[in-house]
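If you want the building blocks of each chain, they are given just below.
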There are 4 protein chains.
Amino acid sequence: MWLHTSCEFVFDIAVPTPFVLMLRPRSGAQQWIAREEYRLVPTVPVFEFTDGYGNLCQRLIAPPGAFAVRTAAEVMTADCVDQAPGAVFVEVQNLPDAVLSYLLPSRYCESDRFGQMATEITAGQQPGYDQVATIVAWLRNTIRYQSGSSDIALSAVEVNSRQSGVCRDLSHLAIALCRSLSIPARMVVGYLYGLAPMELHAWFEAYVGWRWYTFDATQAKLKGGYVAIGYGRDAADVAVFSQFGPPVHPTTQTVCVQRIQAEDT
Amino acid sequence: MWLHTSCEFVFDIAVPTPFVLMLRPRSGAQQWIAREEYRLVPTVPVFEFTDGYGNLCQRLIAPPGAFAVRTAAEVMTADCVDQAPGAVFVEVQNLPDAVLSYLLPSRYCESDRFGQMATEITAGQQPGYDQVATIVAWLRNTIRYQSGSSDIALSAVEVNSRQSGVCRDLSHLAIALCRSLSIPARMVVGYLYGLAPMELHAWFEAYVGWRWYTFDATQAKLKGGYVAIGYGRDAADVAVFSQFGPPVHPTTQTVCVQRIQAEDT
Amino acid sequence: MWLHTSCEFVFDIAVPTPFVLMLRPRSGAQQWIAREEYRLVPTVPVFEFTDGYGNLCQRLIAPPGAFAVRTAAEVMTADCVDQAPGAVFVEVQNLPDAVLSYLLPSRYCESDRFGQMATEITAGQQPGYDQVATIVAWLRNTIRYQSGSSDIALSAVEVNSRQSGVCRDLSHLAIALCRSLSIPARMVVGYLYGLAPMELHAWFEAYVGWRWYTFDATQAKLKGGYVAIGYGRDAADVAVFSQFGPPVHPTTQTVCVQRIQAEDT
Amino acid sequence: MWLHTSCEFVFDIAVPTPFVLMLRPRSGAQQWIAREEYRLVPTVPVFEFTDGYGNLCQRLIAPPGAFAVRTAAEVMTADCVDQAPGAVFVEVQNLPDAVLSYLLPSRYCESDRFGQMATEITAGQQPGYDQVATIVAWLRNTIRYQSGSSDIALSAVEVNSRQSGVCRDLSHLAIALCRSLSIPARMVVGYLYGLAPMELHAWFEAYVGWRWYTFDATQAKLKGGYVAIGYGRDAADVAVFSQFGPPVHPTTQTVCVQRIQAEDT
């Protein structure tokens with residue numbers, strides 16, 4: 001399907017504030033960016049670089065006053081997300097080098113503390129895709145999903161203790177559980193068509209059957225309509241904005257995803 | 001200045017043909033991409049990756065029949081290119097690691113064969129920026145610039161023997177001469193505002209005074225209005241399209257660069 | 001000074017166990033590896049790769065039975081560690097791209113939770129090197145250093161709550177405090193000449209004054225004799241061995257560092 | 001088999017001369033480095049980095065006078081090189097991203113000029129491994145192999161015109177022919193057990209059947225005993241020493257490869 005995505009942040013800046021933004025989706029195996037806009041008001045110099053995960057990041061200094069970041073894209077993405085019940089567990093010794101780091105614990109995914117719990121949740125399952133699907137089902141039954149967003153990221157241990165969380169929190173717990181079973185897992189931030197209320201969304205991918213598969217503990221049934229903006233080990237790596245110095249929060253944040261017809265340009 | 005750039009290639013494809021395209025300019029220190037379009041007609045699956053030089057490359061298989069690639073961008077770029085007469089030569093031992101490979105000879109820049117010639121051309125110059133400027137002046141006086149493009153890339157040795165060439169050829173000779181003096185040099189492909197006739201353009205950068213500076217042996221006077229699409233060691237690395245199998249050439253190729261007003265979106 | 005370092009791990013393996021080892025020090029700006037050995041008994045196939053931090057990592061499957069890993073090196077390293085009181089804070093917008101990720105919170109360094117505490121500890125200090133030195137002094141006065149090693153890595157929050165820790169723990173807290181002040185900080189694992197009892201050691205580096213400087217909260221006075229094996233965001237990235245499947249701990253672990261004369265080979 | 005390799009260069013240096021050396025073999029899928037030495041006489045500061053191909057490179061400034069570089073290693077390498085007649089041609093669209101650059105022409109491998117010749121040589125062969133084997137057989141029958149080394153690297157076009165060459169030259173022509181058939185090919189520099197007279201050796205690898213295979217146009221029959229030091233597009237990338245400024249050649253160059261017993265350390 002073709003989607004039109006847009007995202008606007010407006011900040012009220014007191015002192016010149018350095019930002020690293022991650023708001024430029026890339027064309028990849030799962031999505032094709034046919035059109036894209038990235039506006040800053042007022043215009044300021046921007047330097048873009050590719051981070052260690054392949055994400056395009058924008059560095060700038062926001063000037064005092066109202067500072068708006070507006071991005072939009074026309075994206076072709078899959079109608080249905082690939083699913084592969086039975087896809088095999090890939091033995092650690094056979095994983096590609098670049099995938100290994102997604103086995104390590106990270107800021108919000110303390111996978112070193114979830115080994116026993118993950119083993120119990122997935123008891124009786126075939127190693128691989130089915131373990132991940134069982135973790136997702138367990139999360140949906142156990143952890144209360146709160147739509148919307150939250151300012152403070154929680155770690156998997158904290159989410160497990162609260163028994164509730166936003167999409168980011170559920171992803172963190174799912175990722176920690178997967179990694180504790182030696183299944184590489186990573187976080188994705190982006191858009192999901194049909195999400196209500198519409199917000200930026202977070203989900204995760206697990207590496208089984210020799211490729212990355214999409215999973216989403218917030219959705220009863222995996223549909224298509226995902227547009228990825230950033231990939232990383234957890235929310236620390238894929239913040240759509242990282243800001244340094246005295247904290248600044250957006251005064252307005254607007255996200256919009258609409259289905260469009262393919263253009264015949 | 002704000003520029004609107006566009007580029008269209010139409011190919012007449014006989015058999016399914018793999019392509020690697022390099023047609024997505026990146027935001028960098030010198031330019032900011034505010035809007036961008038990338039259309040393929042007909043639509044085909046595309047995979048994008050970042051090559052070893054940081055360029056965004058698009059892989060696809062062109063289907064039989066007419067196949068069009070249309071890209072466009074709105075870009076903020078400098079009104080004037082930075083110039084720095086007197087900027088120092090950076091001793092090889094002090095160059096950043098990532099710059100070292102731009103000292104090596106490459107397919108079209110046989111710098112290992114130009115040591116004596118470069119020394120003679122730049123006799124009496126201060127090592128660094130002034131040597132490069134002298135090479136550019138020598139090229140303008142010596143090698144006849146033919147506007148337009150050519151199908152076959154020539155190497156520096158061949159250009160030097162012919163004493164004429166298109167923008168790509170002049171860049172190759174300039175790069176070979178710089179490298180033979182231990183000055184890192186790299187090729188850039190992109191757009192230049194005001195070029196007549198309008199075509200994709202090639203120029204080069206040399207690393208002196210601890211940064212990359214822009215040079216263009218085809219222009220009497222360096223102006224602004226450059227939009228880079230790709231960087232590499234020479235034309236082999238920065239082909240805007242590489243195509244594999246039986247050769248296919250564009251039946252039409254249209255390039256357009258216009259000055260626009262900054263949008264107040 | 002010239003040092004001879006050696007390290008032996010012996011594991012008692014029950015089932016074939018995949019390992020990722022990080023035990024090959026690299027020659028870098030601070031050290032030169034003149035001789036090196038890396039023995040596995042029994043010999044097994046090994047694949048080596050460079051991780052995202054530039055560390056050389058060795059992948060293998062340990063066979064059942066006793067499995068020994070023995071490494072040794074002759075290393076030239078500085079007699080004195082560089083120190084630079086007054087070295088400036090580098091504004092976030094001016095940091096090299098590759099350094100930015102060392103500002104983010106990580107598994108064991110929850111820098112997002114230490115902003116106020118770091119500000120209080122460093123009140124009155126010049127931003128930059130002096131802040132880091134003050135953090136190190138505060139740690140030495142406040143957190144009790146336990147020599148030796150521990151199996152379970154603690155996070156900065158946990159170390160701060162316990163008020164004691166091994167070298168790795170002190171480093172985690174120091175790193176978290178630095179990052180919360182927007183000073184990039186990273187963990188180093190390696191050898192330290194003269195450490196008693198001799199063990200693998202952990203310390204940290206902070207990026208101030210436009211380069212990385214060495215700090216060590218476990219030492220009253222910074223001396224030379226450091227040999228780095230691995231760099232990373234925290235202990236999750238620089239485990240000298242990561243092992244997957246049922247936990248396996250070394251039955252013996254021997255570390256030795258001796259001063260030697262430069263060889264006249 | 002276990003091999004002991006050693007290599008000594010002695011230079012007579014007139015003025016301080018920057019060098020980039022590539023003399024540290026890495027442990028990889030095909031070889032394991034159990035012991036390694038790297039001595040410089042006199043000792044000078046060295047900085048090591050990993051180049052874009054994964055090779056470990058050493059940067060230093062050689063001081064005036066005699067300057068010796070001595071390296072040695074104990075290496076486990078295969079008794080027999082893998083061969084795979086019939087291994088399939090991998091369609092360009094299916095090649096891993098990182099392999100694509102080995103399809104491009106490079107300084108000494110003008111693959112853009114060999115399409116017709118390669119097609120004729122391999123007429124009737126199955127695409128893939130068999131084409132490469134046919135190219136190697138053709139080279140052995142057509143181009144006279146001169147053992148020893150030569151100072152000046154020749155390009156594939158030049159080698160084809162001379163009809164003779166050293167190992168490096170034959171590899172360049174083989175690589176150019178492979179790439180012109182859309183088969184990725186790369187150069188390897190290293191040691192070969194049993195070579196007479198003993199010198200550093202050059203051979204090549206081609207990517208067919210989803211992996212890199214070793215080929216050597218200088219050997220009637222592929223045996224084992226290869227130890228790779230560096231990989232690259234051609235000799236420009238894998239010079240064991242690159243030196244800048246007035247040319248300096250080794251006054252002595254000694255290479256030694258001996259079979260040893262596996263150590264029971």
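Everything in this summary refers to the structure shown in the same document. (Residues numbered from 1 in each chain as written. Chains lettered and ligands numbered in written order. Predicted model: local features only at pLDDT ≥ 70, side-chain atom pairs only at ≥ 80, totals over all residues. Heavy atoms only, no water.)

What follows deals with the overall build of chain A. Scanning chain A from N- to C-terminus turns up four helices and 14 strands. Across the 265 residues in chain A, those meeting the buried criterion constitute 60%. Across chain A, every contact between residues at least 6 apart in sequence was considered, and the portion connecting residues at least 24 apart equals 75%. If you sum the accessible surface of chain A, you get close to 10,100 Å²; carbon and sulfur atoms cover 52% of it. (Helix = DSSP H or I, 4+ residues; strand = E, 2+ residues; numbered from the N terminus. Buried < 20%, exposed > 50% of the residue type's maximum accessible area, 1.4 Å probe, protein only. Contact = heavy atoms within 4.5 Å. Areas by Shrake-Rupley, 256 points an atom, 1.4 Å probe, with all protein chains shown as cover.)

Take helix α2 (residues 129-142) of chain D next. All names here are of chain D. Between the first and last C-alpha of α2 there are 20 Å, a value that for 14 residues agrees with the 20 Å anticipated at 1.5 Å per step. Looking at α2, one finds that the buried residues are Tyr129, Asp130, Gln131, Val132, Thr134, Ile135, Val136 and Leu139. Taken together, the buried residues of α2 touch α1 (115-121), α4 (167-180), β10 (201-208) and β11 (211-215). (Expected span 1.5 Å × (residues − 1).)

Before going further, it helps to examine the relation of the copies chain D and chain B. For the match of chain D to chain B, the screw axis carries a shift of 0.0 Å, the RMSD comes to 0.0 Å, and the turn is 180°. With respect to symmetry, the two chain copies, as superposed, fit the operation of a two-fold axis. Closest approach to the rotation axis within chain D is made by the C-alpha atom of Arg107 of chain D, at a distance of 1.7 Å. Comparing interface residues between copies, 100% of those in chain D also lie at the interface in chain B; the contact surface is shared. (Least-squares fit on C-alpha atoms with pLDDT ≥ 70 in both.)

Across the boundary between the two partners, chain A contributes 32 residues, which contact 32 residues of chain C. For the chain A and chain C pair, buried surface summed over both sides reaches about 2,500 Å², with 51% attributable to carbon and sulfur atoms. Broken down residue by residue, the surface that chain A buries against chain C is led by Arg59, Arg107 and Phe244 of chain A, which jointly contribute 26%. The salt bridge involving Arg233 of chain C is made with Asp237 of chain A; its shortest N-O contact spans 2.9 Å. At the boundary of chain A with chain C, the tally comes to 20 residue pairs in polar contact (both at pLDDT 80 or more). Counting only elements with at least two residues in the side of chain A that touches chain C, the list comes to β2 (17-21) and β5 (56-62) of chain A. Considered class by class, the residues forming the side of chain A that touches chain C number 17 nonpolar, six polar and nine charged. (Buried area = accessible area lost by both parts, 1.4 Å probe. Salt bridge = Lys/Arg side-chain N within 4 Å of Asp/Glu carboxyl O. Polar contact = N/O pair within 3.5 Å; in protein donor to acceptor, adjacent residues only side chain to side chain. Nonpolar A, V, L, I, M, F, W, Y, C, P; charged D, E, K, R; others polar.)

Moving on, we get to the relation of the copies chain A and chain C. Superposing the two chain copies requires a rotation about an axis and a translation along that axis. When chain A is fitted to chain C, the residual RMSD is 0.0 Å, and the transformation amounts to a turn of 180° plus an axial shift of 0.0 Å. Comparing interface residues between copies, 100% of those in chain A also sit at the interface in chain C, which points to an isologous, same-surface contact.

Residue and element names in this part refer to chain D. Where α2 contacts α4, the two axes come as close as 10 Å, and the packing angle between them is 145°. Along this stretch, α2 crosses α4, giving a crossing that reads as right-handed. Residue-level inspection shows Val132, Ile135, Trp138 and Leu139 of α2 in contact with α4, the latter providing Leu170, Leu173, Ala174, Leu177 and Cys178. (Axes fitted to C-alpha atoms, helices over the stretch in contact; angles between N-to-C directions. Left-handed = near helix turned anticlockwise from the far one by under 90°.)

Structurally, Thr50 of chain B can be placed in strand β4 (residues 47-50). Sequence separation of Thr50 of chain B and Glu91 of chain B is 41 residues, and the distance between their C-alpha atoms is 30 Å. If we skip the residues at most four places from it in the chain, Thr50 of chain B touches Arg26 of chain A together with Asn55 and Leu56 of chain B. Side chain to side chain, Thr50 of chain B and Arg26 of chain A meet in a polar contact 3.1 Å long.

Counting residues at the interface gives 32 residues for chain D and 32 residues for chain B. In this assembly, chain D packs against chain B so that about 2,500 Å² is buried in total across both faces, 51% of it on carbon and sulfur atoms. Across the contact surface, chain D and chain B share eight salt bridges. Note that Glu158 of chain D and Arg113 of chain B form a salt bridge whose closest N and O atoms lie 2.9 Å from each other. At the surface where chain D touches chain B, the tally comes to 20 residue pairs in polar contact (both at pLDDT 80 or more). Contributing elements (two or more residues each) for the side of chain D that touches chain B: β2 (17-21) and β5 (56-62) of chain D.

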